[in-house]
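# Architecture and fold: a report
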Amino acid sequence: VVGGGIAGVCVAYECARRGARTLLLERHDMLHRRGSSHGESRIIRPTYAEEHYTAMMRKAYPLWESAQQEARTSVYTPTGGLDFGPAEGAGMRRVLAAAEANGVRAERMDAERVSRRFPGFSIPDHWTALWNADAGILNATKAVAMYAGLAERHGAALRDRSAVVGIDHAEGGMMRLAVQDNSRGASSGAGTSEGAGGGVAQSVVARRVVVAAGPWAGALLEDTLGLRLDLRPIATAVAYWRARDAQARHRFDAARFPVYICYGDDQTEADALPPGWDETGGSTGDSRASIDFQTLYGFPIHELPGLIKASLHLPEAHWERLGRDADDRTMAPDAAQARRVVGKWVSRHFEGIDTDEVALTEACTYTMTPDHDYVFDTAADGKVVVLSCCSGHGFKLAPLIGAATADLALEGGTERIAESTMQLFSADRLAL
Ligand SMILES: Cc1cc2nc3c(=O)[nH]c(=O)nc-3n(C[C@H](O)[C@H](O)[C@H](O)COP(=O)(O)OP(=O)(O)OC[C@H]3O[C@@H](n4cnc5c(N)ncnc54)[C@H](O)[C@@H]3O)c2cc1C
């Protein structure tokens, strides 16, 4: 398994649990902060604007539950979740339809009901909201550590500071990996031999290889297997905002206030557009409106005292697209931009939150596909499983993808994910 983020550790756990000799190779230190899986909060929710993810979430929840039981630890904090946005907007219409089609237990709320239920928080009268009790917060780094620990308990070997710099066919139907020792700390570069620095490469042979290399996957797959996929590493950031007083700290505490997703907020998307940005097409030529509706997401006070977290998901104008090497980025997010766009949003919806200053920002990296769907497919005659649970929403589904990956790698197929969904995730799809 190449990569020790949430995807890689879930795969390693599932493979080892089923008795496969499993080796996970991570180029940086385990639990590092350069990729996508670090930090203390990711949203888990049963609702999605897309039916296929809504259906997959039904299968992901029990897997989170059983792993926590096995590890005797908790990485999930239930808070409930609120999806909201313009009632006539495509985002909320699709969330409502997908929830209904999948039998998600949820309660529709109008603006007045939202304000009564969550004092100090409001949405405009023409917006609608959907409340569900099952959404909550996953502690991200702790969850990676949990799955890594479980994988080891089942016999997997986890080697960090070990960069895979080559993947090739070997004798006897095996695959050979060239693995570079990064224990002396040389660890930046696209992941291939010319970029990774470090010591002399060693050889590892394996029957199956799973590439779960997150933002580095595009360069690695192209350089090693000649597979060109449009996997775009994007520098992104999260922002925290301080509750001004005891009342706000009480109201927005995780015991009372949910995680939330705001869909299709034109005002915020317009605020985020830099001068000259083409609202309909964007600089990449993607049609924003047709592929994603989520503008912003947020968390109650939970991980840090007195701080709520609210961050942009879209629009793309806000993204800083990285080059081939996802390590080549600044880790200092632009707080002024967060204040200008997200702060404005927070002040429109929350009472008692200080938006004059961003309390804290933290860098993170997304891997985006042009259609915002995952990549989950096989390559090299079925000997390599390529997986990128990406586009800013892969954490909550990693246990399911991990189990399905083990199915593909060990059994040659999976029934956990609908065939029609597998087609959407195909590496051959036109969007890539
Ligand atoms: C700010 C932010 C907020 C998010 N919010 C949510 C949310 O609320 N809910 C949700 O479900 N998802 C969310 N996501 C998305 C989710 O966090 C990611 O989809 C998920 O963490 C991706 O995990 P990964 O294992 O694929 O990638 P990563 O965590 O990046 O792991 C890939 C690993 O591969 C290693 N690697 C790369 N190349 C090599 C190599 N050549 N050899 C060895 N190792 C290698 C890397 O060092 C890295 O550790 C968010 C993401 C971000 C950035």
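Please read these numbers as outputs of a predicted model, since none were measured by experiment.

Glancing now at the confidence of the model for the protein. A low pLDDT means the predicted coordinates there should not be read in detail. Scored by pLDDT, the protein comes out at a mean of 90, with 91% of its residues at no less than 70. Note on residues 189-196: pLDDT under 50 across the span, and 30 contacts to partners over four residues away in sequence or across chains. This stretch, residues 278-290, has a pLDDT under 50; its non-local contacts, to residues over four places away or in other chains, come to 18 contacts.

Close contact between helix H1 (residues 6-17) and helix H11 (residues 398-411) brings their axes to 8 Å; oriented N to C, the two are set at 50°. Between H1 and H11, the interaxial angle falls into the category oblique. Where H1 crosses over H11, the handedness of that crossing is right-handed. Contact with H1, carried on its side by Ile6, Ala7, Cys10, Val11, Glu14 and Cys15, involves Ala398, Pro399, Gly402, Ala403, Thr405, Ala406 and Leu410 of H11 and no other residues of that element.

Here the focus is the site of the ligand. Every one of the 37 residues lining the ligand counts as a neighbour, but Glu26, His32, Ser37, Cys364 and Cys389 are closest to it. In this structure, an oxygen atom belonging to the ligand sits 3.3 Å away from a main-chain N or O atom of Ile6. Contacts to the ligand include Ala7, whose backbone N or O atom sits 3.1 Å from an oxygen atom. Elements with a contribution of two residues or more to the shell around the ligand: H1, strand S2 (42-44), strand S9 (162-169), strand S13 (232-243) and strand S19 (360-368). When its residues are assigned to classes, the shell around the ligand shows 18 nonpolar, 15 polar and 4 charged. When we break the shell around the ligand down by domain, the ones giving at least three residues each are domain 1 (6-38 + 141-228 + 374-424) and domain 2 (78-136 + 232-368).

With that settled, the discussion passes to the domain arrangement of the protein. Here the domain parsing of the protein yields domain 1 (6-38 + 141-228 + 374-424) and domain 2 (78-136 + 232-368). Opposite the 21 residues of domain 1 that make contact, domain 2 presents 14 residues. For the pair domain 1 and domain 2, the two sides together bury roughly 1,300 Å², of which 46% comes from carbon and sulfur. On inspection of domain 1 and its partner domain 2, the count reaches 2 salt bridges. Arg27 is the salt-bridge partner of Asp327, the closest N and O atoms lying 3.8 Å from each other. Per-element tally for the side of domain 1 that touches domain 2: the top contributor is helix H6 (residues 217-225), with 3 residues. Taken together, the residues of the side of domain 1 that touches domain 2 break down into 5 nonpolar, 11 polar and 5 charged.

Another point: the pattern of salt bridges. Note that side chains of opposite charge can pair when their charged atoms are close. Under the criterion given, the structure shown has 18 salt bridges. We note a salt bridge from Arg416 to Asp407, for which the minimum N-O separation is 2.7 Å. Classification of Arg416 by relative accessible area gives partly exposed; the value is 29%. Owing to a relative accessible area of 5%, Asp407 belongs among the buried residues under this scheme.

Below, the discussion takes up the pairing of S19. With 7 of its 9 residues buried, S19 lies for the most part within the structure. As paired strands, S13 and S19 are joined by 9 bridges and run antiparallel to one another. Bridge assignment links Thr236 to a residue of S19, and that residue is Cys364.

Across the sheet, which stays open at both edges, the 3 strands sit in the order S2-S7-S3 with antiparallel pairing between neighbours. Unpaired on one side and paired on the other, S2 and strand S3 (76-78) mark the two borders of the sheet. Strand-to-strand twist across the sheet, computed as the mean angle between neighbouring axes with direction ignored, equals 30°. The pairing of S2 with strand S7 (residues 136-138) spans 3 bridges and is classified as antiparallel. If you follow Ile44 over to S7, its bridge partner there is Gly136.

All right, on to the nonpolar core then. Formed by 54 residues in total, the largest nonpolar core has its most connected members in Ile6, Trp64 and Phe376. Counting only elements with at least two residues in this core, the list comes to H1, helix H2 (51-71), helix H5 (140-153), strand S21 (384-388) and H11. When residues no more than four places from it in sequence are discounted, the contact partners of Trp64 are Ile6, Ile44, Val75, Leu138, Ala143, Met146, Tyr147, Phe395, Lys396 and Pro399. If you look at the next biggest cluster of nonpolar residues, it comprises 33 residues, including Met109, Ala129, Val342 and Val358.

Here we take up the environment of Leu63. The topology assignment puts Leu63 in helix H2. Taking the C-alpha atoms as reference points, Leu63 and Gln247, 184 residues apart in sequence, are found 37 Å from one another. The contact partners of Leu63, leaving out residues within four places of it in the chain, are Tyr147, Pro399, Leu400 and Ala403.

Relative to the assigned elements, Lys383 resides in the loop between strand S20 (375-379) and S21. Although Lys383 is buried, it makes no salt bridge; Asp381 carries the closest opposite charge, 5.1 Å away. Those residues in contact with Lys383 that lie beyond four places of it in its chain are His169, Gly173, Met175, Arg207, Arg208 and Val209.

Not every positive phi belongs to a glycine, and Leu31 is a case in point at roughly 65°. Following the sequence through the fold, Leu31 ends up in the loop between strand S1 (23-25) and S2. Taking relative accessible area as the criterion, Leu31 reaches 40% and is therefore assigned partly exposed. In this structure, Arg72 takes a positive phi of about 55° despite not being glycine. Within the secondary structure, Arg72 is located in the loop between H2 and S3.

Conventions adopted
- Residues numbered from 1 in each chain as written.
- Predicted model: local features only at pLDDT ≥ 70, side-chain atom pairs only at ≥ 80, totals over all residues.
- Heavy atoms only, no water.
- pLDDT = per-residue confidence, 0-100.
- Contact = heavy atoms within 4.5 Å.
- Axes fitted to C-alpha atoms, helices over the stretch in contact; angles between N-to-C directions.
- Helix = DSSP H or I, 4+ residues; strand = E, 2+ residues; numbered from the N terminus.
- Parallel < 35°, antiparallel > 145°, perpendicular 65-115°, else oblique.
- Left-handed = near helix turned anticlockwise from the far one by under 90°.
- Near = heavy atom within 4 Å.
- Polar contact = N/O pair within 3.5 Å; in protein donor to acceptor, adjacent residues only side chain to side chain.
- Nonpolar A, V, L, I, M, F, W, Y, C, P; charged D, E, K, R; others polar.
- Domains from an automatic or database assignment.
- Buried area = accessible area lost by both parts, 1.4 Å probe.
- Salt bridge = Lys/Arg side-chain N within 4 Å of Asp/Glu carboxyl O.
- Buried < 20%, exposed > 50% of the residue type's maximum accessible area, 1.4 Å probe, protein only.
- Pairing = 2+ DSSP bridges.
- Core = buried A, V, L, I, M, F, W, Y, C linked by side-chain atoms within 4.5 Å.
- Lys, Arg positive; Asp, Glu negative; His and termini not counted.

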